[in-house]
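# Understanding the architecture of this molecule
As a plain string of letters, each chain reads:
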Amino acid sequence: MSHSLSKPLAATEELIEGQKVIIVARWMFVLTMLLLTVLAPNLTVNRLRLQLLGTFSLAIFNFYLLAQLITRKPTLQAVIYLASLADLLAISFGVRIQGGFYSPGFVFYYPALLVISVVFTPTMLFVFTSSTVIIYALLAVSTQIWINDVPFLILRLLMMVAVALCGNHFREIEQARRRAAAQAAEPLPPPPAEEPAPLSVADRHLTRLVENRSLP
Amino acid sequence: MKSTSFSQEAAEDIFFGQIVIIWARWFLIAAGGVLTLLATQTTNEVMGAVYWMGILIALNFFIHARYLMGKPANQMLLAAAGGVDVFIITLLVWFWPGPTGIENHLYILYYPILFTFALVLPPALTVPFTLVTLAFYLGMCVWETPYILFSVTSIKVIGMRLVSLVAMSGLGMFYWRIQRERRRASARPEARTA
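Reading the values: rules and limits
Residues numbered from 1 in each chain as written. Chains lettered and ligands numbered in written order. Predicted model: local features only at pLDDT ≥ 70, side-chain atom pairs only at ≥ 80, totals over all residues. Heavy atoms only, no water. Helix = DSSP H or I, 4+ residues; strand = E, 2+ residues; numbered from the N terminus. Buried < 20%, exposed > 50% of the residue type's maximum accessible area, 1.4 Å probe, protein only. Contact = heavy atoms within 4.5 Å. Areas by Shrake-Rupley, 256 points an atom, 1.4 Å probe, with all protein chains shown as cover. Buried area = accessible area lost by both parts, 1.4 Å probe. Salt bridge = Lys/Arg side-chain N within 4 Å of Asp/Glu carboxyl O. Polar contact = N/O pair within 3.5 Å; in protein donor to acceptor, adjacent residues only side chain to side chain. Nonpolar A, V, L, I, M, F, W, Y, C, P; charged D, E, K, R; others polar. Expected span 1.5 Å × (residues − 1). pLDDT = per-residue confidence, 0-100.

What follows covers the overall build of chain B. Within chain B, the regular secondary structure consists of seven helices and zero strands. Element order for chain B, N to C, with α for helix and β for strand: α-α-α-α-α-α-α. For chain B, the proportion of its 194 residues judged to be buried stands at 52%. A separation threshold of at least 6 residues defines the contact pool for chain B, and within that pool the share at least 24 residues apart is 75%. For chain B, the exposed surface amounts to about 8800 Å²; the carbon and sulfur share of it is 73%.

Printed below as a string of structure tokens:
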């Protein structure tokens, strides 16, 4: 009955429900990273080890979150936020070691922002999206980026904002629809019992006459 | 009775959700503005950008105005507009001056379009839409830069792009399904009081 819940409680409920999307997205990320590492290992040994360590750490952590979800044990909000932060940091780390702006791994920011946008509150979304945009812009600028590539950097950042805003707007639309559906299903309260209208003088006289008359 | 309520629910999904598709297209148009202002060198390039942006602006203005008037687009119109988006992005990736095929950076415009399509339209439409988009992009990349078939690094790069595009669509569909179930649960009084 989300419409009767207070705002923070509804946000928590949203976070817990949306955790499924986060977990699925993280499994996709982990599997893709493992496949790409196994099929085309074009990094130095040390970087490869580091990348595998990061991927396996994410996988283990995701398994823990999945186990919590399956056994219906509540996960702390802070843990969910930290896990998403770890995802973004892992992607940023991958981008950093693969050449900043020229790293092909930046595309993983988009699914990561997608899940954050449909699960987190607008405030948290703002924090995560602006941090991601700033971190990626710094990573890109820190590499030797060509002046001709600057418009494409702006485009990448703009699309990150687009994904985040569209996802969060959809989340709010769905919240409103759910509230409306819950309100429509609520049984109507019984009508208030009507008090008898006060009797007029003539009515009172008649009533007394009827009461005093003896039945045959 | 049940099928009527399901079809009504599907119509409501389109009715309420299409604004996110409209906003994604406005972002696409804004991206076109950035490209036109910062990445064009000649008058012909500016004019070329104005043509496709004009098509998108006219299309989105029409759909947005209908939405504001309380007469939102139906499923077929939204799907067709999504097709126009994908077609224009593919043309951009193909013909934009500079590097083409896998080297072109404009494929990122697919991301918000695929995502919002998956959020609003049913999976029966989203799955073919995603497959056609991926086929367009992959076909264009192979046509323009055939060497990618023989380069492990290029296959890795294209694999990352395709997987992340599928993730956008797949996660959008997954969220759509979760929301539908939650809405149905909210509408069942016995489920809410239990």
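Once you've had a look at it, read on.
In this section: the environment of Phe16(B). With respect to the secondary-structure elements, Phe16(B) resides in helix 1 (residues 2–38). Judged by its relative accessible area of 32%, Phe16(B) falls in the partly exposed class. Separated by 25 residues in the primary sequence, Phe16(B) and Gln41(B) place their C-alpha atoms 41 Å from one another. Beyond its immediate stretch of four places on either side in the chain, Phe16(B) contacts Ile173(A), Arg177(A) and Tyr67(B).

Below, the discussion takes up the interface of chain B and chain A. A common way to state how big an interface is: give the accessible area lost once the parts meet. Tallying the contact residues gives 49 residues for chain B and 53 residues for chain A. Of the roughly 4700 Å² buried where chain B meets chain A, counting both sides, 77% is carbon and sulfur surface. Here chain B and chain A share three salt bridges between them. A salt bridge links Glu174(A) to Arg183(B); the nearest nitrogen and oxygen atoms lie 2.4 Å apart. For the pair chain B and chain A, the interface holds five residue pairs in polar contact (both at pLDDT 80 or more). Listing elements by their share of the side of chain B that touches chain A, those giving two or more residues are helix 1, helix 4 (110–120), helix 6 (152–186) and helix 7 (189–193) of chain B. When residues of the side of chain B that touches chain A are assigned to their parent elements, the largest contribution, 18 residues, is made by helix 6 of chain B. Considering only residue class, the side of chain B that touches chain A consists of 34 nonpolar, seven polar and eight charged.

Residue and element names in this part refer to chain A. Compared with the 30 Å implied by 1.5 Å per residue over 21 residues, the 31 Å span of helix 3 (residues 77–97) between its first and last C-alpha is a close match. When helix 3 is considered as a whole, its buried residues turn out to be Ile80, Tyr81, Ala83, Ser84, Asp87, Leu88, Ile91, Ser92, Gly94, Val95 and Ile97. Gly99, located one to two residues past helix 3, shows a positive phi value of around 110 degrees.

All names here are of chain B. Residues at a pLDDT of 70 or more form 95% of chain B, whose mean pLDDT is 88. Taking the mean pLDDT of every element in chain B, the minimum, 55, falls on helix 7 and the maximum, 95, on helix 4. Note on the complex model: pTM 0.84, ipTM 0.89.

The next thing to look at is the pattern of salt bridges. Tallied over the full model, the rule gives seven salt bridges over all chains. One salt bridge in this structure joins Glu174(A) and Arg177(A), with 3.3 Å as the shortest N-O distance. Linking Glu174(A) with Arg177(A), this pair stays in helix 6 (residues 150–185), spanning three residues, or about one helical turn. The exposure class of Arg177(A) is buried, given its relative accessible area of 7%. Linking Arg183(B) and Asp13(B) is a salt bridge whose minimum nitrogen-to-oxygen distance equals 3.0 Å. Here the residue Arg183(B) occupies a position in helix 6, and Asp13(B) occupies one in helix 1, the gap between them amounting to 170 residues.

A few words now on the environment of Trp27(A). Residues and elements named next belong to chain A. Locating Trp27 in the fold gives a position in helix 1 (residues 7–39). Taking the C-alpha atoms as reference points, Trp27 and Ala59, 32 residues apart in sequence, are found 7.1 Å from one another. The residues contacting Trp27, other than those within four sequence positions of it, are Ala59, Asn62, Phe63 and Leu66.

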